[in-house]
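# Close look at the chain arrangement
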Amino acid sequence: MTQLTYLQETASQTAGPYVHIGLIPHQAGFDIFEKPFSNVLTTQETVGERIIIEGRVFDGTGAPCKDILLEIWQANAAGRYNHPADPQTDKPIDPSFRGWGRAGTDFTTGLFRFDTIKPGPVIGRSGHRMMAPHINVWIAARGINTGLQTRIYFADETDANAADPVLRIIDPPQRRDTLMARREMRADLVVYVFDIRLQGDGETVFFDA
Amino acid sequence: MPSQPFEFFQRDRTLQPPALTPGYKTSVLRSPRLAMLSLQNSLSEVTGPVFGHGDIGALDHDLILNYAKTGEPIGERTIVHGRVLDETGRGIPNALVEVWQANAGGRYRHKNDTYLAPIDPNFGGCGRMLTDAEGRYVFRTVKPGAYPFRNQVNSWRPAHIHFALSGHGFAQRLITQMYFEGDPLIRHDSILNTIPDAAARERLVALLDMNAAVPLDSLAYRFDIVLRGRRQTVFENKLYGN
């Protein structure tokens, strides 16, 4: 039988309990790289509204998971990705914003945190409407065999969210709420709270994208 | 016209471990039970972080030297090399490859690892590198040891190295583990056995590569990694490569 000659994607394996060693060694208990990757996406020069994303990841019993690795990928304040495949040349690239970061949930509290800026809206697929401001999330950990992909939307972006082509296909509609981060003010800090539920009541929408 | 240039081939989930694998007990409470939402790629999935040589230090890919304090780490000196390819067989240049592992005794440098084998004062156990123009990577380390873990009463992990891969799109992100040819613990491993497809499991076992060994110095193993490929059309703009 003749077969097409595509290669097959390498199989995923769990990141395991010691994922921190490779990806965020400081949390494992040591420093090794001159320039470690971190949960702070901004510098002084970065353009945009400073926000903190904070939350926890819960297992099927409702207990916070304290060994989760999260990565986020987002557009800049104008809504452009810092990547050559982004065709939105009418929007500026922010040279001081890569748009990517990683964090671990805290071994004691289970909280994760990112310091970033609020992204702008991004064009959707051709023929689709604009996508509401959102942050793409990927999580890996012990007990997670293949990394899980989801999105953070901003609960205060009511109109943009209502028109978002991705949120609109989530059925039943109440599951869209699992992707909404809640805006809070803490002193002068803007904090968006975003919890992830791996299983059970309020299970987060994960994407096969 | 495609409605999203650069979109990826749909992931073949039959080659991937399901979320719920009761033989690996930790997955039971951490596996989503609702169906994932199938999502055609948008700009958010086809783009991803771009890394450059400014991110990586000169010794980051040398686990024999990158944490050496009073001497070099104990263990079998080992070179691991291979290519990062996409499903069309093209090498992926500038992919970020991050690795981590236990030391030769099977102990991790991690505040939560309490296994009784000792920490090696000269071994950190992690490294990172970018692939070259043809998608090649290489790093040097000591071969990790096997170690027990709490799953069944007598569960052991075969020697393995963890790999995290970032290609050119966020939807290509992959974490996996590499095993060593001939390790008798491989067939007992409840983590490797989360993958239902025998050929997919086999592809995670690196082969001894005597041609890449350095005589009187290091053995070598070859491990190629395949990330998702992008759809090609006559309308496609060149994103990378020649």
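Residues numbered from 1 in each chain as written. Chains lettered and ligands numbered in written order. Predicted model: local features only at pLDDT ≥ 70, side-chain atom pairs only at ≥ 80, totals over all residues.

## Quick look at the overall build of chain B
- Of the regular secondary structure elements, chain B holds three helices and twelve strands.
- Computed over its C-alpha atoms, the radius of gyration of chain B comes to 19 Å, within 12% of the 18 Å expected for a compact globule of 242 residues.
- Projected onto its principal axes, the C-alpha coordinates of chain B cover approximately 60 × 40 × 30 Å.
- In chain B, which comprises 242 residues, the proportion classed as buried is 48%.
- Taking all contacts inside chain B whose residues are at least 6 apart in sequence as the whole, residues at least 24 apart take part in 73%. (Helix = DSSP H or I, 4+ residues; strand = E, 2+ residues; numbered from the N terminus. Rg over C-alpha atoms; globule rule 2.2 N^0.38 Å. Buried ≥ 20, exposed ≤ 12 C-beta atoms within 10 Å, placed from the backbone. Contact = placed C-beta atoms within 7 Å.)

## Points about unusual backbone geometry
- A cis amide bond, omega 0°, links D171 of chain A with the succeeding residue P172 of chain A.
- Along the chain, P172 of chain A turns up in the loop between α3 (158–163) and β7 (180–186).
- Despite not being glycine, N94 of chain B has its phi angle at roughly 60°, a positive value.
- As for its placement among the helices and strands, N94 of chain B is situated in the loop between β2 (77–86) and β3 (96–100).

## Quick notes on the interface of chain B and chain A
- Across the boundary between the two partners, chain B contributes 77 residues, which contact 67 residues of chain A.
- Looking at the side of chain B that touches chain A, the elements with two or more residues in it are α1 (27–30), β1 (37–38), α2 (43–46), β3, β8 (160–166), β9 (174–180) and β12 (225–227) of chain B.
- Of the residues belonging to the side of chain B that touches chain A, the class tally is 36 nonpolar, 26 polar and 15 charged. (Nonpolar A, V, L, I, M, F, W, Y, C, P; charged D, E, K, R; others polar.)

## Here we look at the pairing of β2 of chain B
All names here are of chain B.
- Of all the ten residues making up β2, seven are buried; the element is thus mostly covered by neighbouring parts of the structure.
- Direction of pairing for β2 relative to strand β5 (residues 136–142): antiparallel, over a ladder of seven bridges. Within β5, the residue paired with T78 across the bridge is T141. (Pairing = 2+ DSSP bridges.)

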